[in-house]
Amino acid sequence: MARIEFQNLGHAYRPNPASLDDYALQPMSMVWEDGGAYALLGPSGCGKSTLLNIVSGLLTPSEGKVLFNGRDVTLQGARERNIAQVFQFPVIYDTMTVFDNLAFPLRNRGLPAAEVRTRVHEVADILDMARELPRKASNLSADAKQKISLGRGLVRKDVAAILFDEPLTVIDPHMKWMLRRQLKKIHQQLKLTLIYVTHDQVEALTFADEVVVMTNGRVVQKGGPEALFLRPDHAFVGYFIGSPGMNLCPVSLDEGAIKLGSQRVTVDASTLATLKSTNGDLKLGIRPEFVRLAGDGEAGAVRAHVTRAQQLGNYQLVTANCEGHVFNAKMEPGLRVVDGPVWLRVAAPETVYFSNDERIAVRAAGGA
Amino acid sequence: MNKPLNQKAWLLVVPVFICVAFSAILPLMTVVNYSVQDIISPTQHVFVGTEWFRNIMTDPDLRGALGRQIIFSACVLLFEIPLGVGLALAMPASGWRASAALVVLAMPLLIPWNVVGTIWQIFGRPDIGLLGYVLNRIGVDYNYTASPTDAWVTVLVMDIWHWTPLVALLCYAGLRAIPDAFYQAAEIDGASRFAVFRYIQLPKMRGVLMIAVLLRFMDSFMIYTEPFVLTGGGPGDSTTFLSQYLTQKAVGQFDLGPAAAFSLIYFLIILLLCFILYNWMERVGKGGPATTGEDNA
């Protein structure tokens, strides 16, 4: 097991990057604690696979260092780093049995047969696959094959970390859930450092202790589910996490209030003071969970026009238009909402503000 | 499930059936027809039953040709398949080098059969051919028109030169279809270069290898033009293979009956051997014993 540390780590596929846009992974520093479960979350092409390949040693970063337990491994390959990886599509050795598949990494390292057998049986028990051991691996289902891939990592005692590259892509939905639970159990049991790449927020949030959100080659936030939900550091995190994502709307400052389009929205004094002290393009963000109907002219409310109210069982999703901006709101399913003009409270204690897409920390209570 | 019964649907198969009938079944039936008759002239023929078949089966010329044919095809597979796999493994995976290698490799495949024969016929001549001349100058007594061994080796080398690229191209395509993740996993698992070949590349090439083996077997079993141009089947009958034997019978001597009988036997031999080869490879690839033989209980 290892504590993984990045020092000013960055990668550009072309030499001599001129601007930050040239980086597939913009320089950053970060620490992943030993035994932690981390998820790399972001849309396709955000650089999460680049970061994963740098951790696994399949890719040498163009700048910065990777440290495992304080030891510089930047130039080492996957083999010397002792990491294990589970790929998007199951990688198994078709001609071998399940047993031979699991034994393969150990035999390659020249372990005695008796020890190989003990380890393989241990891992098969953990994975619930003891009965499948004598079977041909190629005849198994996709989820069983992914478990074998994972097992090939688990059999090695010295493994520094296990990396997962969107491992559930080809798995049936209900098996996904089972596998995630099993993975969680294995993590608690063995205290391994696990790194999990995905573009699925539910997967990331249920699996990981901490989620690293990435976009355009940049790490925009690292934090637990609650922080990502309530205090997104970047407008992208707000928009990307949650379903639907955070409502984001450009605002401007006015005398004693903020302006959303042509409407004045009153906010509390400390928030206003904080906003006044920043410069840059301001954005207001509020989660659909916190938008609610308000009385006429109530503080923090705006006039909007409901365009759709959709019953979704345990809540109704109300879509409204305010000055050309769309606001989604999750409301009680029993609440009667009809298409037409309403007041919506958008400046609430849960509302966050962004300056040039970075979250502004509001100093006094009540803000963020 | 409830499948609707619609006998009229058979009509949809009729066009295909007619095509196949005219292209394959009718000609084959003509051959069957010939094989049981003695064709004396276009208007005169007598039914002879299985006589031609009995004659053919006991013909020592046929037995000789069949024996040579089997040895030749076995040699072709033995050399061309490993060589083709080796070439495919050695070829660059991408970039201009890969394109260049592909073009060079495909070159022999583009040359017509009889030209291949002519090329080697000249190439091997002891007086003016580069190969023959050089060999004789360095003291090898090489003459494919006089020595059966030399003739054999020349025909075999010619076939290897002509057709190994096909095997290599097929294997190359098979290799390129292996996702990078397999190599990365093998690297992580600490696999040796040989283990990568044995447990990843070879199993993944199984499908294309099967095609390569079958194609090369069938083609080499039917080889005609190249040895005909190169040696004419000689010296003696040392390089007379089945096709040439058949042609001599059918065209040279106009023994249509025996030739037809032999064609059928020829066809059945190829079918049978392909069937055996296919099943053998299928079993080796899939249901074979656990590869590393470790006690799995």
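Cut-off values and rules
Residues numbered from 1 in each chain as written. Chains lettered and ligands numbered in written order. Predicted model: local features only at pLDDT ≥ 70, side-chain atom pairs only at ≥ 80, totals over all residues. Helix = DSSP H or I, 4+ residues; strand = E, 2+ residues; numbered from the N terminus. Buried ≥ 20, exposed ≤ 12 C-beta atoms within 10 Å, placed from the backbone. Contact = placed C-beta atoms within 7 Å. Rg over C-alpha atoms; globule rule 2.2 N^0.38 Å. pLDDT = per-residue confidence, 0-100. Pairing = 2+ DSSP bridges. Nonpolar A, V, L, I, M, F, W, Y, C, P; charged D, E, K, R; others polar. Domains from an automatic or database assignment. Axes fitted to C-alpha atoms, helices over the stretch in contact; angles between N-to-C directions. Bend = angle between axes of the 7 residues up to and from the residue. Parallel < 35°, antiparallel > 145°, perpendicular 65-115°, else oblique. Left-handed = near helix turned anticlockwise from the far one by under 90°. Core = buried A, V, L, I, M, F, W, Y, C linked by C-beta atoms within 7 Å. UniProt positions renumbered as here; feature names shortened; annotations may be inferred.

Undergrad: Is there a simple way to think about the overall build of chain A in this case?
TA: Counting secondary structure elements, chain A contains 10 helices and 21 strands. Referenced to the eigenvectors of the C-alpha coordinate spread, the extents of chain A come out at roughly 80 × 50 × 35 Å. Burial status across chain A gives 44% buried among its 368 residues. Within chain A, counting contacts between residues at least 6 apart in sequence, those at least 24 apart form 66% of the total.

Undergrad: Is there a simple way to think about the overall build of chain B in this case?
TA: Across its full length, chain B holds 13 helices and two strands. Here the C-alpha atoms of chain B give a radius of gyration of 24 Å, more than 25% beyond the 19 Å that 2.2 N^0.38 yields for 297 residues. Along the three orthogonal principal directions, the C-alpha set of chain B runs to about 80 × 75 × 45 Å. Nonlocal contacts in chain B, meaning residues at least 24 apart in sequence, comprise 70% of its contacts between residues at least 6 apart.

Undergrad: Looking at this model, I keep getting lost on the confidence of the model for chain A. Mind explaining?
TA: Reading fine detail from the predicted coordinates is not recommended where pLDDT is low. Chain-level statistics for chain A give a pLDDT mean of 87 and a share of 98% at 70 or above. Considering each helix and strand of chain A separately, the mean pLDDT is smallest for helix H2 (residues 78–81) of chain A, with a value of 82, and largest for strand E18 (residues 325–331) of chain A, with 92.

Undergrad: Can you walk me through the sheet that holds strand E20 (residues 352–355) of chain A in this structure?
TA: One open sheet holds the six strands; their spatial order is E13-E12-E11-E14-E20-E21 (chain A), and the pairing between them is antiparallel. Each of the sheet's edge strands pairs with one partner strand only, and the pair in question is strand E13 (263–265) and strand E21 (358–359) of chain A.

Undergrad: I'm lost on the pairing of strand E14 (residues 282–286) of chain A in this one. Help?
TA: Consecutive side chains of a regular strand alternate in pointing toward one face of the sheet and then the other. Residue and element names in this part refer to chain A. With four of five residues buried, E14 is to be regarded as a mostly interior element. Summarising the sheet, strand E11 (residues 247–254) and E14 pair through five bridges and their orientation is antiparallel. Within E14, the residue paired with Pro250 across the bridge is Lys283. Strand direction decides the pairing type here: E14 and E20, joined by four bridges, are antiparallel. Counterpart to Lys283 in the pairing with E20 is Phe354.

Undergrad: What is the right way to read the interface of chain A and chain B from this model?
TA: Note on interface size: it is often stated as the accessible area lost on association of the parts. Across the contact, 25 residues belong to chain A and 20 residues belong to chain B. Of all the secondary-structure elements, those providing two or more residues to the side of chain A that touches chain B are H2, strand E6 (83–86) and helix H3 (98–108) of chain A. By residue number, the principal contributor to the side of chain A that touches chain B is H3(A), which donates six residues. Of the residues contributing to the side of chain A that touches chain B, the split by class is 16 nonpolar, four polar and five charged.

Undergrad: Help me understand the domain arrangement of chain A in this model?
TA: Residue and element names in this part refer to chain A. Looking at chain A, the domain boundaries give domain 1 (4–235) and domain 2 (245–359). Of note, the centres of domain 1 and domain 2, computed from C-alpha atoms alone, are 39 Å apart. Contact with domain 1, which involves six residues of that partner, is made by 10 residues of domain 2. Considered class by class, the residues forming the side of domain 1 that touches domain 2 number three nonpolar, one polar and two charged.

Undergrad: Could you clarify how one ought to interpret the sheet that holds strand E9 (residues 210–215) of chain A in this entry?
TA: All names here are of chain A. On the basis of which strands lie adjacent, the open sheet formed by six strands has the order E6-E7-E8-E3-E9-E10 and mixed pairing. Either end of the sheet is taken by a strand with one partner, and the two such strands are E6 and strand E10 (218–223). Going across the sheet, the axis of each strand differs from the next one's by a mean of 20 degrees, ignoring polarity. Pairing of strand E3 (residues 37–41) with E9 involves four bridges; the strand directions are parallel. Each bridged residue has a counterpart across the sheet, and for Tyr38 the counterpart in E9 is Glu210.

Undergrad: When you look at helix H1 (residues 14–35) of chain B in this model, what are you seeing that I'm missing?
TA: Side chains three or four residues apart in an α-helix point the same way, a direct result of the helix having 3.6 residues per turn. The largest bend along H1(B) reaches roughly 50 degrees and is located at B:Ala21. Taking burial as the measure, the 22 residues of H1(B) include two buried ones, a minor fraction of the element.

Undergrad: Help me understand the packing of helix H3 (residues 60–90) of chain B against helix H7 (residues 148–176) of chain B in this model?
TA: Between two packed helices, both the angle of their axes relative to each other and the distance between the axes serve to describe the pair. Residues and elements named next belong to chain B. Taken N-terminus to C-terminus, the directions of H3 and H7 make an angle of 45 degrees; their axes are 7 Å apart at the nearest point. Here H3 lies oblique to H7, going by the angle between them. As for the relative orientation of H3 and H7, their crossing is right-handed in sense. Every residue of H7 that contacts H3 at Cys75, Val76, Phe79, Glu80, Ile81, Leu83, Gly84, Val85, Leu87 and Ala88 is listed here: Leu156, Asp159, Ile160, Trp163, Thr164, Val167, Ala168, Cys171, Tyr172 and Leu175. Classifying every residue of the contact of H3 with H7 by side-chain character gives 16 nonpolar, two polar and two charged.

Undergrad: Help me understand the nonpolar core, please; the structure alone is not making it clear to me.
TA: Generally speaking, a soluble globular protein has its nonpolar side chains buried in company with each other. Residue and element names in this part refer to chain A. Of all hydrophobic cores here, the largest spans 111 residues; its most connected members are Ala39, Ile195, Tyr196 and Leu344. Top contributing element to this core by residue count: H3, with six residues. For this core, the two domains that each supply at least three residues are domain 1 (4–235) and domain 2 (245–359). In contact with Ala39, other than residues within four places in its own chain, are Tyr196, Thr198, Ala204, Phe207, Ala208, Val211 and Val212.

Undergrad: Can you help me understand the UniProt feature "transmembrane region" (unreviewed entry) in chain B in this one?
TA: Residues and elements named next belong to chain B. According to UniProt, the positions carrying the feature "transmembrane region" (unreviewed entry) are residues 9–29, 70–90, 102–123, 151–175, 207–225 and 259–278. With 76% helix and 0% strand, residues 9–29 has end C-alpha atoms that lie 27 Å from one another. The span residues 102–123 is 73% helix and 0% strand, and its two end C-alpha atoms sit 24 Å from each other.

Undergrad: Even after reading the chapter, I still don't get the environment of A:Leu102, so can you show me in this structure?
TA: Residues and elements named next belong to chain A. Structurally, Leu102 can be placed in helix H3. Sequence separation of Leu102 and Gly224 is 122 residues, and the distance between their C-alpha atoms is 33 Å. When neighbours within four sequence positions are excluded, Leu102 is seen to be in contact with Val120, Val123, Ala124, Ile148, Gly151, Arg152 and Val155.

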